[in-house]
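Residue-level listing of the chains:
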Amino acid sequence: MSIFPVLIKNLRTKPVTLRLPDEAPHPKDFRGPVKIEVEKCIGCGMCAYVCVSYAVRVTENENSCEWQYLPGRCTFCGRCAAVCPGRALRMEGGSVPAYLSAGELDETHRVPYPACPECGRPSRPGAEHILMRAYSELTEKVRENIFLCQRCRLRRSQKDLWATAGRSSHPRGESPA
Amino acid sequence: MSWEKAFLALLIFPGMLYAVPMAWLMLWLERKLRARMQGRMGPPFYQPFFDFVKLMAKRPILRPRTDAVLMTGLPLVAVSAGLVALALLPVVQASKGFAGDLVLLVAFIEVPSLCAVLAGFASRSIFGQVGATREAVLSVAYNVPFLTAIVALAYSAHSLLLADIAAAPASWVRAPAVATILLCLPVKLRINPFSVSNAEQEIYSGPATEFGGPQLGMWELAHGLEWVVLTGLAVCLGLPFHTGAPILDFAVFAGLSLVLVVLLSFVAAGTARLKVAQAARFYWRWGMGLALVALILAILPGIERFVR
């Protein structure tokens, strides 16, 4: 019978639950919907590759790629944000808002491919901080190569290689065994 | 009761036009109060109506013919039985029934529970069958005291007419008899602590487990009507109060029914579910004890006369 004072007390006090649009504050590292910063994206498609629920999709076009995100499919595992080499993806703090029709929250972003400074063909966007992982410091030459298209970059490194080969007897080292 | 009056009672008051909104209101009030007493917010008052509309708009699941007929028919029978039972209640003084309407009312009150038992077995779900078995076991346990109390009331009023029983002068029989009927309300409405047959979470929702769409919508409506009928019956028999003005009678009837819902919500929120055996034992022991007191009190004057 000691339950009845509890019931009366509950009737008098405010309910602990909230109405639908109201939300309890989320914890600090709460993984919400994925957000993209288009200017940091390098269009590598790693996010789409690791996405288990097919919520992130990347479609390549001639001079751009389309980054598509479907929050309705997302499991908020955070893999895409973890593997993103360009650090373009992050998980937002809050939860996905309620919606009425399917696909209402889906978003598509176009990541443009900049033109190669040498040949003018569209090339994958580069990012300096990715190269920082490969080279401890960025020389002027590396910095120039970032923004070239794949073909021009290959051609330039070939030219460099021949130039080195011309100086020494063997391209790989001083004296072959 | 003339034909026109019967139709009026069935379709307008206390039948469809009153009962269906009242059923939704009662379902909401019980849910809301229980939620608030448990510290939750609870649904808005139009929720049962929205639930009903949503369920009715759904496509029913295709089933083999026999199952489909039974599973569509049984909830409809339960709803109609609830409406007819309501039409028989002597709410307004002018609506005098016919001889023997008490028997008919008791029969119609029992129909939804019987339908639930049949539906549980017709659905061929193991949970439905467990729920149906429990409902059957309990319905034996609570109906004996319930019917004994009604018999005691009828005996003391020397009539099988509901209006006569309700209008009979206050006697010592009425208190234990109405108390027995009140005691039977939670189990007939399948709320805690006697929610064994539909045992939410434990066996999903008992007999209604396999039901969905319009069929489930009809079950919900039948359940709401059960609330209106049973609280209405308790009010009619427990407080034979007629002011003479139909509007005032209606207000008293509706108001007291809602008060009963509040009390039942308190019971539902404050208790935990019993086991089948415990619930059955409760009714065989306490329900039956109270009903027997009523019956003895009803018979005693007759015996006195007989001895003299």
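Our structure's up above, just so we're on the same page.
Below: a short report on this structure. Keep in mind the model is a prediction, meaning the values are calculated, not measured. Each chain has its residues counted from 1, following the order in which its sequence is written. Chains and ligands are labelled sequentially in the order written, the chains with letters from A and the ligands with numbers from 1. Local features are withheld for residues below a pLDDT of 70 in this predicted model, meaning they are given only at 70 or higher, and side-chain atom pairs are given and counted only at 80 or more; totals for whole chains, interfaces and linings count all residues. Side-chain measures were taken over the full set of non-hydrogen atoms in the model, leaving aside hydrogen atoms and water.

### Focus on the overall build of chain B
Note on conventions: DSSP H or I runs of at least 4 residues are helices, E runs of at least 2 residues are strands, and numbering of each starts at the N terminus. Along chain B, the regular secondary structure elements total 11 helices and zero strands. Put simply, chain B runs from its N terminus to its C terminus through helices and strands in the order α-α-α-α-α-α-α-α-α-α-α. Relative to a compact globule of 308 residues, whose C-alpha radius of gyration would be 19 Å, chain B shows 19 Å and is just as compact. Each of the three principal axes of chain B carries a C-alpha extent, and together these read 65 × 45 × 45 Å. Think of it in three bands: residues with accessible area under 20% of the maximum for their type are buried, residues over 50% are exposed, and the middle band is partly exposed, with areas taken using a 1.4 Å probe on protein chains only. Burial status across chain B gives 51% buried among its 308 residues. Between two residues, a contact is recorded if the distance between any of their heavy atoms is within 4.5 Å. Within chain B, contacts between residues separated by at least 24 positions form 81% of all contacts whose residues are at least 6 apart in sequence. Accessible surface, chain B as shown: approximately 14400 Å² in total, 72% of it carbon and sulfur. His is not counted here, nor are the chain ends, while Lys and Arg score as positive and Asp and Glu score as negative. By convention, the point assigned to a charge is CZ for Arg, NZ for Lys, CD for Glu and CG for Asp. Of the charged side chains in chain B, 23 are positive and 15 negative, and the gap between their average positions amounts to 6 Å. Atoms considered for the radius of gyration are the C-alpha atoms alone. The globule rule reads 2.2 Å times the number of residues to the power 0.38. Accessible surface area values rest on a Shrake-Rupley calculation with a 1.4 Å probe, where residue burial reflects the displayed protein chains alone.

### Structural notes on the sheet that holds strand E3 (residues 64-69) of chain A
Residue and element names in this part refer to chain A. As summarised here, the arrangement of the three strands in space is E2-E3-E5, forming an open sheet in which the pairing is antiparallel. Looking at the sheet topology across the chains shown, the edges are occupied by strand E2 (56-60) and strand E5 (107-112). Here the strands of the sheet are splayed against their neighbours by 20° on average, with no regard to which way each runs. When E2 meets E3, the two strands line up antiparallel, connected through five bridges. Residue pairing for E3: Thr59 is matched across the bridge by Glu66. The criterion for strand pairing is that DSSP finds at least two bridges linking the strands in question. In this analysis, axes come from line fits to C-alpha atoms, helices being fitted only over the stretch in contact, and the angle between any two N-to-C directions falls in the range 0 to 180 degrees.

### Quick look at the interface of chain A and chain B
Residue-level contacts link 13 residues of chain A with 10 residues of chain B. Here the quantity called buried area is the accessible surface, traced with a 1.4 Å probe, that two parts lose on coming together, added over both. Here chain A meets chain B over a buried area of about 1100 Å², counting both sides, of which 67% is carbon and sulfur. When the buried area of chain A at its contact with chain B is split by residue, Leu7(A), Leu11(A) and Pro15(A) rank highest and sum to 43% of it. In protein, a polar contact requires one atom able to donate a hydrogen and another able to accept it; more generally it is a pair of N or O atoms within 3.5 Å, and residues adjacent in sequence count only if both atoms are side-chain atoms. For the pair chain A and chain B, the interface holds five residue pairs in polar contact (both at pLDDT 80 or more). Along the lines of polarity and charge, the residues of the side of chain A that touches chain B split into eight nonpolar, three polar and two charged. Residues were grouped as follows: Ala, Val, Leu, Ile, Met, Phe, Trp, Tyr, Cys and Pro as nonpolar; Asp, Glu, Lys and Arg as charged; and all remaining residues, including Gly, as polar.

### What to know about a positive patch on the surface
Within the patch definition used here, like charges are joined within 9 Å and nonpolar side chains (Val, Leu, Ile, Met, Phe, Trp, Tyr) within 5 Å, considering only residues with over 30% relative accessible area and no salt bridge. Within this document, salt bridges are pairs made up of a side-chain nitrogen of Lys or Arg and a carboxyl oxygen of Asp or Glu, the two lying within 4 Å of each other. Taken together, the side chains of Arg121(A), Arg151(A), Arg155(A) and Lys159(A) define a basic patch exposed on the protein surface. Looking at the element boundaries, Lys159(A) is found in helix H6 (residues 150-167).

### Digging into helix H10 (residues 246-270) of chain B
For a helix, the expected span equals 1.5 Å multiplied by the number of residues minus one. With 25 residues, H10(B) should cover 36 Å at 1.5 Å per step; its first-to-last C-alpha distance of 36 Å lies within 8% of that length. For H10(B), the elements touching its buried residues are helix H1 (3-12) of chain A together with helix H2 (16-37), helix H8 (174-188) and helix H9 (213-238) of chain B.

### Focus: the nonpolar core
It is characteristic of soluble globular proteins that their nonpolar side chains tend to be buried jointly. Note on terminology: a nonpolar core comprises buried Ala, Val, Leu, Ile, Met, Phe, Trp, Tyr and Cys residues joined through side-chain atoms within 4.5 Å. Counting residues in each nonpolar core, the largest one holds 88 residues, and the members touching the most others are Leu89(B), Leu105(B), Ile181(B), Trp219(B), Leu225(B) and Trp227(B). With 15 residues, the single largest contributor to this core is H9(B). Residues contacting Trp219(B), with those up to four places away along its chain left out, are Leu74(B), Pro75(B), Ala78(B), Pro112(B), Cys115(B), Ala116(B), Ala119(B), Ala208(B) and Phe211(B). Counting residues in each nonpolar core, the second largest holds 18 residues, with Ala55(A), Tyr69(A), Cys74(A) and Val111(A) among its members.

### Side note on the pairing of E3(A)
Residues and elements named next belong to chain A. In this structure, the hairpin formed by E2 and E3 is closed by a connection of three residues. Note that E3 and E5 share six bridges and pair antiparallel. Across the sheet, Glu66 pairs through a bridge with Arg110, a residue of E5.

### So, the packing of aromatic side chains
Residue and element names in this part refer to chain B. Centres within 6.5 Å are what make two rings of Phe, Tyr or Trp a pair, Trp counting through its six-membered ring; a difference in plane orientation under 30 degrees is then read as stacked, over 60 as edge-to-face, and the rest as tilted. Under the definition given, this model contains 15 aromatic pairs over all chains. The interplanar angle of 85° and the centroid separation of 5.2 Å between the aromatic rings of Phe282 and Tyr283 together place this pair among those described as edge-to-face. Judged by relative accessible area, which is 25%, Phe282 ranks as partly exposed. Residue class for Tyr283 comes out buried when judged on its relative accessible area of 0%. Here the aromatic residues Trp24, Trp28, Phe45, Tyr46, Phe49, Phe50 and Phe52 are joined through ring pairs into a cluster of three or more.

Purely geometric stuff here, so don't read any function into it on its own.
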